[in-house]
Amino acid sequence: MSAGGIVEQLNVQEGDNIESRQLLIKLDDAQQRVAVAQAQANLQRAQANLQQLVAGPRAQEIAQAEAGLASAQAAYDRLANASSPGNIAAARASVAQAQANLQSVLEGPSQATLISAQADLRNAEAQVRNATSAYNRVKDQNDIGMRPESLALEQATIAYEGAKARLQDLQNGATASQIAGARAGVSQASAQLETLQNSAPMDLASAQAGIDQAQAQLDLLNAGTRPEAIEVAKADVAAATASLQNALVSLSDTELRAPFGGVVATVDTAMGEQVGAGSPVILLADTSTWNIETSDLTEFDVVGIQPGNPVVLTFDAIPDLELPGVVSRIRPIGEDNRGDTVYKVVVTPQQNDPRLLWNMTAVVTFGGQ
């Protein structure tokens, strides 16, 4: 196994004939699948970021930046216009008018106003008397309610009551609410004048900075994405792709597949067992062809042997079997065998027999000897 883990699937047993790439063992892969999903999400995010940078700003974003610039310019213009001499003079006039109104409320009505109100009251009294006299002359008539004398008396009475109330109001002077309202008018006008007078150059500088910032934002959008940013985004996509490939490799490492077709000789694990990376778990043999390896050819014996030489093979376990073979290769380095230097010669049988098994003992006769 390329990775360690718990055996989740064991699809073969000893003696099974299998094909190349057949799934033999599957480990629990929950963590690897989570890693693949996360790597896929990171790749999608990196790709989306690259697409966004390549596409550049949308028309709505540019329109928003233009609106921000216009708003900053309007704010600057309001400050600049508010600080003009004409506006300050108008604010001073408003303060003077509010102060005069407060003074008038505090002083109450003038003597001339009282005399005029008294004259209006006397005039209203005279009209009531005249209307009453005319009414008395016709009051015994049946249609008195419909006659003009009745209407004239009613109107004269209403005018009299109104004149009397106005005179009484003037004589009582201003109420507390009227005085408070007049004072509030003075405070409001004074505050407006103070605001205009205190519009310092610092406020205008701040407003100008707002214009500059909005203009820079608009210029940045119009300029589009920097090539360096796009290259960084491409590198992010490449890194995310590599991470996904690495996660997929880790996922595939939880599977053990047959590198070639053959027979399962041994199975050294079971379902639910923990296996380690690199530990052999299955011994697989390709028994369609055989190799016979010599173990006792000394340096004196091997010098006369060459690849391609014919041989005759006999087997201790199958006395009646004799097969022809040929020398495939000779290992060029010798090994010590109980004090002798021996060389391994690989022989390939030219015929097969179904009775042959792995690790059987064979006798090789070179040159038919």
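Notes on the structure follow. (Residues numbered from 1 in each chain as written. Predicted model: local features only at pLDDT ≥ 70, side-chain atom pairs only at ≥ 80, totals over all residues. Heavy atoms only, no water.)

1. Some thoughts on the layout of surface pockets
Here's step 1: In this model, the largest pocket occupies a volume close to 690 Å³.
Here's step 2: Along the walls of the largest pocket sit 25 residues, with Asn291, Ile292, Glu293, Met360 and Ala362 positioned nearest its centre.
Here's step 3: Those elements that provide at least two residues to the lining of the largest pocket are strand 7 (282–285), strand 8 (292–293) and strand 15 (362–366).
Here's step 4: A total of four residues in the lining of the largest pocket trace back to one element, the largest contributor, which is strand 15.
Here's step 5: When grouped by side-chain class, the residues that make up the lining of the largest pocket number 15 nonpolar, seven polar and three charged. (1 Å grid on protein atoms, 1.4 Å probe; cavity = no way out; pocket = protein on both sides within 12 Å on 5 of 7 lines; lining within 4 Å. Points joined across faces, edges and corners; volume = space filled by probe spheres on them. Helix = DSSP H or I, 4+ residues; strand = E, 2+ residues; numbered from the N terminus. Nonpolar A, V, L, I, M, F, W, Y, C, P; charged D, E, K, R; others polar.)

2. Observations concerning the packing of helix 1 (residues 30–55) against helix 8 (residues 227–252)
The description of two packed helices rests on the angle between their axes and on the distance between the axes.
Here's step 1: Put simply, helix 1 and helix 8 touch, their axes get as near as 8 Å, and they point 165° apart. In terms of orientation, helix 1 lies roughly antiparallel with respect to helix 8. The two elements helix 1 and helix 8 meet at a crossing, and its hand is left-handed.
Here's step 2: Here the contact of helix 1 with helix 8 is composed, by residue class, of 17 nonpolar, eight polar and three charged. (Axes fitted to C-alpha atoms, helices over the stretch in contact; angles between N-to-C directions. Parallel < 35°, antiparallel > 145°, perpendicular 65-115°, else oblique. Left-handed = near helix turned anticlockwise from the far one by under 90°.)

3. So, the sheet that holds strand 1 (residues 5–10)
Here's step 1: Strand order in this open sheet of four strands is 4-3-1-6, and the pairing throughout is antiparallel. Looking at which strands have only one partner, the edges of the open sheet turn out to be strand 4 (255–257) and strand 6 (274–275).
Here's step 2: The pairing of strand 1 with strand 6 spans two bridges and is classified as antiparallel. Bridge pairing in strand 6 links isoleucine 6 to glutamine 274. (Pairing = 2+ DSSP bridges.)

4. Regarding the environment of threonine 266
Here's step 1: In this structure, threonine 266 sits in strand 5 (residues 262–267).
Here's step 2: Threonine 266 sits in the partly exposed class, given a relative accessible area of 25%.
Here's step 3: Considering only alpha carbons, one finds threonine 266 and valine 12, 254 residues apart in sequence, at a separation of 9.9 Å.
Here's step 4: Those residues in contact with threonine 266, other than ones at most four positions away along the chain, are Glu14, Val281, Ile282 and Leu283. (Buried < 20%, exposed > 50% of the residue type's maximum accessible area, 1.4 Å probe, protein only. Contact = heavy atoms within 4.5 Å.)

5. Here's the deal with the sheet that holds strand 2 (residues 17–18)
Here's step 1: One open sheet accounts for three strands, arranged 2-5-7; its pairing is antiparallel. Of all strands in the sheet, those with a lone pairing partner are strand 2 and strand 7, marking the two edges.
Here's step 2: Two strands pair when backbone bridges link them, and strand 5 and strand 7 are joined in this way by four bridges, in the antiparallel orientation. Across the sheet, the residue bridging to threonine 266 is leucine 283, located in strand 7.

6. What to know about helix 4 (residues 111–138)
Here's step 1: Given a rise of 1.5 Å per residue, 28 residues ought to cover 40 Å, and the 41 Å separating the end C-alpha atoms of helix 4 matches this to within 8%.
Here's step 2: Of all the residues in helix 4, the buried ones are Leu114, Ala117, Leu121, Ala124, Val128, Ala131, Ala134 and Val138.
Here's step 3: Of the surrounding secondary structure, the elements contacted by the buried residues of helix 4 are helix 5 (148–172). (Expected span 1.5 Å × (residues − 1).)

7. Description of the pattern of salt bridges
Here's step 1: For the coordinates displayed, the defined rule picks out nine salt bridges.
Here's step 2: Note that aspartate 29 is salt-bridged to lysine 26, the shortest N-O span being 2.7 Å.
Here's step 3: Between lysine 344 and glutamate 293 there is a salt bridge, and its shortest N-O distance comes to 3.4 Å. One end of the pair, lysine 344, is in the loop between strand 13 (340–343) and strand 14 (345–349); the other, glutamate 293, is in strand 8, with 51 residues separating them in the sequence.
Here's step 4: Here the salt bridges do not stand alone but share partners, grouping Lys26, Asp29 and Arg33 into one network. (Salt bridge = Lys/Arg side-chain N within 4 Å of Asp/Glu carboxyl O.)

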